[in-house]
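So the chains spell out like this:
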Amino acid sequence: MKAAVIESVGRAVVTEVPDPTPGPREVVVEVAACGLCGTDLHILQGEFAPKLPIVPGHEFAGEVVGVGTQVTEVAVGDRVAVDPSLYCYECRYCRTGHNNLCERWAAIGVTTAGGAAQYAVAPVANCVKLPEHVRTQDAALVEPLSCAVRGYDVLRSRLGAHVLIYGSGTMGLMMLELAKRTGASSVDVVDVNPARLETARRLGVSASAANADELDRPQGWDVVVDATGNAAAIQDGLDRVAKAGTFLQFGVADYATRVTIDPYRIYIQEITITGSMAVLHSFERAAELFANGVLDPEVFISDRIPLERYPEALEQFAAGVGRKIVVVP
């Protein structure tokens, strides 16, 4: 079968690889679409994946075309979205409900072959059936949405919060849509990319700007979310949190990224700084929200690029052009 392969640091190709074979409790999915994510860029740069080469792609959906000998939950012909998370269920973190922090954490498309291919293997437990009205190619959005749902689980936002989001790429826009549905009084967005800011306005922000100084909230925001991973944005966002407010590090920063915090201010103003790591008990809920129309795929997916052009798609993504880019085998 044809697949994208990150062969070595900085090098991605499309080539032929062996067809996958399912284990007893696994299924083979014919991939309909696979989204690109910042994690894919980190893998390309030599981070995250324990070893190369690897077939990337952890945001995908498709049709079941093969099942293992012990699979009864789905059948050939079912359409599914796939949760890429692979946990050991044995370590301290798994046993205390923090599976996303598993000591042996792994993921389809990160540590094992993923969905940037014609076919992919997944545990049947990771497959969520799609209702008839959901297009399979659009359901690649379920996985990133599940990460955003996890972010709001961490925030435990109260009704009436004033929210500031840095970044209006796919994840920032998803956090925007969820903020509107979790009772925020206002949702403001900061981004230096005018085209992305325009999309945020289209989705309905309270205010938007290239710099938070342009926004009228001198007392700060109850919730500040960084969806960029950019050091300057993170530093600025930490300074914008209101008293008793919360800063959520949601964007994936480079390993070397560093910012400065003010411990006395955190103490005297009771500011919470927290993070949100991937998916945790949120995939099924994200699938239901998606089926109920929480996102408009035509707004979120800007480019549907043939798998053969995967390296080009990665370059476009790295350049910040467009919103969600998906490759289509």
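In the nomenclature of an unreviewed UniProt entry, the chain is known as 2-deoxy-scyllo-inosamine dehydrogenase of Streptomyces diastatochromogenes. Taken verbatim from the UniProt record of the chain, the Cofactor (unreviewed entry) comment is "Zn(2+)".

**Re the overall build of the chain**
Along the chain, the regular secondary structure elements total 10 helices and 17 strands. Relative to its length of 329 residues, the chain is compact, with a C-alpha radius of gyration of 20 Å against a globular reference of 20 Å. With the C-alpha coordinates of the chain rotated into their principal frame, the extents come out at 60 × 40 × 40 Å. Within the span of the chain, comprising 329 residues, buried residues form 53% of the whole. Within the chain, residue pairs in contact and separated by at least 24 positions form 70% of the contacts whose partners lie at least 6 positions apart. Carbon and sulfur atoms provide 50% of the accessible area of the chain, an area that totals close to 14800 Å².

**What about the domain arrangement of the chain?**
Interface extent is often summarised as the accessible area lost during association of the parts. Domain annotation for the chain reports domain 1 (2-129 + 296-327) and domain 2 (147-275). Here domain 1 and domain 2 have C-alpha centroids that lie 28 Å from each other. Taken together, the contacts link 11 residues of domain 1 with 14 residues of domain 2. Around 1200 Å² of area is buried between domain 1 and domain 2 when both sides are counted, 57% of it from carbon and sulfur atoms. Its largest share of buried area at the contact with domain 2, domain 1 owes to Val299, Phe300 and Arg323, together 45% of the area lost on that side. Applying the counting criterion to the domain 1 and domain 2 interface returns 0 salt bridges. A breakdown of the residues in the side of domain 1 that touches domain 2 according to their chemical character gives 4 nonpolar, 4 polar and 3 charged.

**Remarks on the packing of helix H3 (residues 142-155) against helix H8 (residues 283-291)**
Between H3 and H8, the shortest axis-to-axis distance is 8 Å and the interhelical angle comes to 115°. In terms of axis orientation, H3 runs roughly perpendicular to H8. For the pair H3 and H8, the sense of crossing is right-handed. Note on element contacts: H8 touches H3 through Phe283, Arg285, Ala286, Ala287, Leu289 and Phe290, opposite Val142, Glu143, Leu145, Ser146, Val149 and Asp153. A class-by-class count of the residues in the contact of H3 with H8 yields 8 nonpolar, 1 polar and 3 charged.

**Quick look at the sheet that holds strand S14 (residues 241-249)**
The strand order across the open sheet formed by 6 strands is S12-S11-S10-S13-S14-S15, and the pairing between neighbours is parallel. Here the strands that pair on one side only, and so sit at the sheet edges, are strand S12 (207-209) and strand S15 (272-275). Along the sheet, successive strands turn relative to each other by an average axial angle of 15°, direction set aside. This element, H3, spans strand S10 (162-166), strand S13 (221-226), S14 and S15 of the sheet and lies at about 150° to S14.

**Comments concerning a nonpolar patch on the surface**
Taken together, the side chains of Phe48, Val252 and Tyr255 make up a nonpolar region of the molecular surface, amounting to roughly 290 Å² of accessible area. When its relative accessible area of 32% is taken as the criterion, Phe48 is described as partly exposed.

So, how was this worked out
- Residues numbered from 1 in each chain as written.
- Predicted model: local features only at pLDDT ≥ 70, side-chain atom pairs only at ≥ 80, totals over all residues.
- Heavy atoms only, no water.
- UniProt positions renumbered as here; feature names shortened; annotations may be inferred.
- Helix = DSSP H or I, 4+ residues; strand = E, 2+ residues; numbered from the N terminus.
- Rg over C-alpha atoms; globule rule 2.2 N^0.38 Å.
- Buried < 20%, exposed > 50% of the residue type's maximum accessible area, 1.4 Å probe, protein only.
- Contact = heavy atoms within 4.5 Å.
- Areas by Shrake-Rupley, 256 points an atom, 1.4 Å probe, with all protein chains shown as cover.
- Domains from an automatic or database assignment.
- Buried area = accessible area lost by both parts, 1.4 Å probe.
- Salt bridge = Lys/Arg side-chain N within 4 Å of Asp/Glu carboxyl O.
- Nonpolar A, V, L, I, M, F, W, Y, C, P; charged D, E, K, R; others polar.
- Axes fitted to C-alpha atoms, helices over the stretch in contact; angles between N-to-C directions.
- Parallel < 35°, antiparallel > 145°, perpendicular 65-115°, else oblique.
- Left-handed = near helix turned anticlockwise from the far one by under 90°.
- Pairing = 2+ DSSP bridges.
- Patch = residues over 30% accessible without salt bridge, like charges linked within 9 Å, V, L, I, M, F, W, Y side chains within 5 Å.

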